[in-house]
Amino acid sequence: MNRFAVNVSTIFTEVPFLERFQKARECGFSLVECQFPYEYPIERIRDELHQNQLSIVLINLPPGNWEKGDRGIAIFPDRTAEFQRSVEEGIRYATELNVPYIHCMAGVLPADLDRQKAKETYMRHLYDAAKEMANHSLTLLIEPINPFDMPNYFLANIHEAVSMIKEIGMANIKLQYDFYHMQRIQGNLAATFETYFEWIAHVQIADVPGRHEPGTGEIRYEYIFRHLEKCGYKGTIGLEYIPSGKSEQSFYWRTLYACH
Ligand SMILES: O=C(O)[C@@H](O)C(=O)CO
Ligand SMILES: [Mg+2]
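Once a new chain begins, its residue numbering starts again from 1 and follows that chain's sequence as written. All chains are assigned letters beginning with A, and all ligands numbers beginning with 1, in the order in which they are written. Only residues with pLDDT of at least 70 are given local features in this predicted model, and only at 80 or more are side-chain atom pairs given and counted; all residues enter the totals for whole chains, interfaces and linings. As a rule here, side-chain values come from all non-hydrogen atoms in the structure, and water together with hydrogens is ignored.

Where an unreviewed UniProt entry is consulted, the protein chain appears under the name Hydroxypyruvate isomerase, with the organism given as Parageobacillus galactosidasius. UniProt positions are given in the numbering used here, feature names are shortened, and annotations may be inferred rather than shown by experiment. Regarding the protein chain, the UniProt comment filed under Sequence similarities (unreviewed entry) reads as follows: "Belongs to the hyi family."

A. Quick look at the UniProt feature "active site" (unreviewed entry) in the protein chain. Sites flagged by UniProt as "active site" (unreviewed entry) map to Glu-143 and Glu-240. Spatial clustering of the annotated residues is evident: they stretch over 98 residues in sequence, but the largest pairwise C-alpha distance comes to 13.0 Å. Looking at the secondary structure, you find Glu-143 in the loop between β6 (139–142) and α5 (158–168). Residue class for Glu-143 comes out buried when judged on its relative accessible area of 4%. The criterion used for residue contact is that any of the two residues' heavy atoms lie within 4.5 Å. Sequence-distant contacts of Glu-143, that is, excluding residues within four places in its chain, are made with His-103, Tyr-153, Leu-155, Gln-176, Asp-178, His-181, Gln-204 and Glu-240. Starting at the N terminus, helices and strands are each numbered in turn, a helix being any DSSP run of H or I of at least four residues and a strand any DSSP run of E of at least two. Within the secondary structure, Glu-240 sits in the loop between β9 (237–239) and α9 (252–256). There is a polar contact of 2.9 Å between the side chain of Glu-240 and the side chain of Arg-211. The buried label applies to any residue whose accessible area, calculated with a 1.4 Å probe on protein chains only, is under 20% of its type's maximum; exposed applies above 50%, and partly exposed to all values in between. Counted as a polar contact is a pair of N or O atoms within 3.5 Å, where, for protein atoms, one must be capable of donating a hydrogen and the other of accepting one, and residues adjacent in sequence contribute only when both atoms are in side chains.

B. Molecular detail of the UniProt feature "domain: Xylose isomerase-like TIM barrel" (unreviewed entry) in the protein chain. In the numbering used here, UniProt assigns the feature "domain: Xylose isomerase-like TIM barrel" (unreviewed entry) to residues 21–243. What you have in residues 21–243 is 40% helix and 13% strand, and the ends, taken at the C-alpha atoms, are 16 Å apart.

C. Just the site of ligand 1, in detail. Surrounding ligand 1, one finds Gln-35, Asn-60, Trp-66, His-103, Met-105, Glu-143, Gln-176, Asp-178, His-181, Gln-204, Arg-211 and Glu-240. At 3.3 Å, a side-chain N or O of Gln-176 approaches an oxygen atom of ligand 1. A total of 260 Å² of accessible area belongs to ligand 1 in isolation, and the protein chains cover 96% of it. Ten residue types, Ala, Val, Leu, Ile, Met, Phe, Trp, Tyr, Cys and Pro, are classed as nonpolar, four, Asp, Glu, Lys and Arg, as charged, and the remainder, Gly among them, as polar. By residue class, the composition of the shell around ligand 1 is two nonpolar, six polar and four charged. A molecule or strand has a residue near it when one of that residue's heavy atoms lies within 4 Å. Values of accessible area rely on a 1.4 Å probe in the Shrake-Rupley scheme; residue burial ignores everything except the protein chains shown.

D. Just unusual backbone geometry, in detail. Cis geometry is adopted by the peptide bond preceding Pro-209, which originates at Val-208 and carries an omega value of 0°. Here Pro-209 lies in the loop between β8 (200–205) and α8 (221–231). The phi dihedral of Asn-152 falls on the positive side, at around 65°, and the residue is not glycine. With respect to the helices and strands, Asn-152 occurs in the loop between β6 and α5. Positive phi outside glycine occurs at Arg-211, with the angle close to 55°. For Arg-211, the location among the structural elements is in the loop between β8 and α8. The buried category is assigned to Arg-211, whose relative accessible area is 16%.

E. Main features of the packing of aromatic side chains. Only Phe, Tyr and Trp rings are paired, with Trp represented by its six-membered ring, and only when their centres lie within 6.5 Å; those with planes under 30 degrees apart are stacked, over 60 edge-to-face, the remainder tilted. One pass over the full model with this rule turns up 18 aromatic pairs. Judged by centre distance (5.8 Å) and plane angle (65°), the rings of Phe-193 and Phe-197 are edge-to-face. A ring pair is formed by Tyr-221 and Phe-225, whose centres lie 5.6 Å apart and whose planes are at 35°; its orientation type is tilted. Here Tyr-221 pairs with Phe-225, and both are found in helix α8, just four residues apart, close to one helical turn. In this structure, Arg-71 packs its charged tip against the face of Trp-66, placed 3.7 Å from the ring centre. Here, over-ring charges are defined by two tests on the NZ atom of lysine or the CZ atom of arginine: distance to the ring centre within 6 Å, and angle to the ring normal within 35 degrees. Its guanidinium or amino end placed over the ring of Phe-154, Arg-115 lies 4.1 Å from that ring's centre, counting from NZ or CZ.

F. Main features of the coordination of the magnesium ion (ligand 2). A donor here means an N, O or S atom no more than 2.8 Å from the metal, or no more than 3.2 Å when the metal is Na, K or Ca. Since water is not included, a site may seem to lack partners. Within the protein, the atoms that donate to the magnesium ion (ligand 2) are Glu-143 (OE), Asp-178 (OD), Gln-204 (OE1) and Glu-240 (OE), at distances of 2.0 to 2.2 Å. Under this scheme a four-donor centre is tetrahedral when all angles range from 85 to 135 degrees, a four-donor centre is square planar and a six-donor centre octahedral when opposite donors are above 155 degrees with the rest from 65 to 115, and any other centre is irregular. In this structure, the magnesium ion (ligand 2) is surrounded by six donor atoms whose angles at the metal cover 76 to 173°, and the resulting shape is octahedral. Donor residues binding the magnesium ion (ligand 2) come from one chain and are separated in sequence as E-x34-D-x25-Q-x35-E. In this pair, Asp-178 is assigned in strand β7 (residues 173–178) and Gln-204 in strand β8, connecting sequence segments 26 residues apart. Relative accessible area serves as the criterion here: at 1%, Gln-204 is assigned to the buried category.

Here is the structure:
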């Protein structure tokens, strides 16, 4: 079974966004994921999905003002109304496009915001968002992101992520386990995946360094793919990488590792 989902925000960037769906199909994929679809009308994306017989498995919530440095707004006590609007917008796109997973970015912790206060706000916002999403059978994901690419990003520790999920106690909050970030944060990839397996709903991959396709760096993906099988992982695997060359030519690792 083909469980790989092309991230159309990082792959096929040679062509305009709406043309990337056709490229995914031409390269043999039936699943895609996307970071931020919000600049594009739902109808246009739905047409592309339909015409190319694709399903979209994941989107992110609107992250605030990316150009001004926002990387999510869930930790900010004074941005609750804006966060609620982002949840509504995320749910609108997800329900209209049949997307099961929504990733909620936490935000970058500013020097003048107390970490404990940010954590309480984040957990309250996650609870509210998950409650709303449960009404639409949606799952909310949180993902540790490495501090080299995103300095001071609030969530950079998987143990803390899992303990927050447990404490919030909503069954539809899960982990997005991004092997690229996890390698840069701490390594110990296979054991950590196994330890937190029951909390993981979605996986993403890229190699280190460079965040390119598997086989270009230090992560032994042949082993990782076998490990996912061994653990009984049945979810999808998002290809959230930046191709080292042309996108179409970046899928050779599938033949190499015999994973289709
Ligand atoms: O790993 C990442 O960076 C993402 O999954 C994401 O969606 C935020 O950029
Ligand atoms: Mg990721």
